[in-house]
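# Structural features, examined
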Amino acid sequence: MSTVAIVLIVIAALILVALLVAAARRRTSEREVVARRHLVTEHREEAEARNLSADKEAAAAEERAARARREAAEAEERARAAAREREAASAHARHADEIDPDAEARDREEARESEQTR
């Protein structure tokens, strides 16, 4: 075999090895890309699940806040109604005192009793 033939065989072998190495690197790179895509998908699914959970919690919090505002408004209305009832009761008591024919006698008797207890 001539020297030229040996050189050509060595060059062909080197080219073949280089092609095999390049193919192996390409396959490794493709596997890494697939693995990254899978990881990205997992992260996006986790983010979506967490967003959904956060949305549910926010809706529940808004509902509780609305219920609290509604209950506060109802309590305020009840307090106003109670104040109106107290005022009406007071007005009725004053009116009763004004038209009571025995009011003066009772006032005098109460004054006499308070003087005796002193």
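See the structure above.
The text that follows walks through the structure, step by step, so that each part is easy to find. (Residues numbered from 1 in each chain as written. Predicted model: local features only at pLDDT ≥ 70, side-chain atom pairs only at ≥ 80, totals over all residues. Heavy atoms only, no water.)

### A word on the pattern of salt bridges
What counts is decided by this rule: Each reported salt bridge corresponds to a side-chain nitrogen of Lys or Arg within 4 Å of a carboxyl oxygen of Asp or Glu. What counts as a helix is a DSSP run of H or I of at least four residues, what counts as a strand is a run of E of at least two, and both are numbered from the N terminus. Accessible area is worked out with a 1.4 Å probe on protein chains only. A residue is then buried under 20% of its type maximum, exposed over 50%, and partly exposed in between.
For the structure on display, the rule yields seven salt bridges. Residue Arg-78 is joined to Glu-74 by a salt bridge in which the shortest nitrogen-to-oxygen separation is 3.7 Å. On the criterion of helical spacing, the pair formed by Arg-78 and Glu-74 is a turn pair, its members being four residues apart in helix α1 (residues 3-99). Looking at Arg-78, the relative accessible area reads 55%, which means it is exposed. One salt bridge in this structure joins Glu-87 and Arg-94, with 3.6 Å as the shortest N-O distance. Here the salt bridges share partners, and the residues they tie into one network are Glu-76, Glu-77, Arg-80 and Arg-84.

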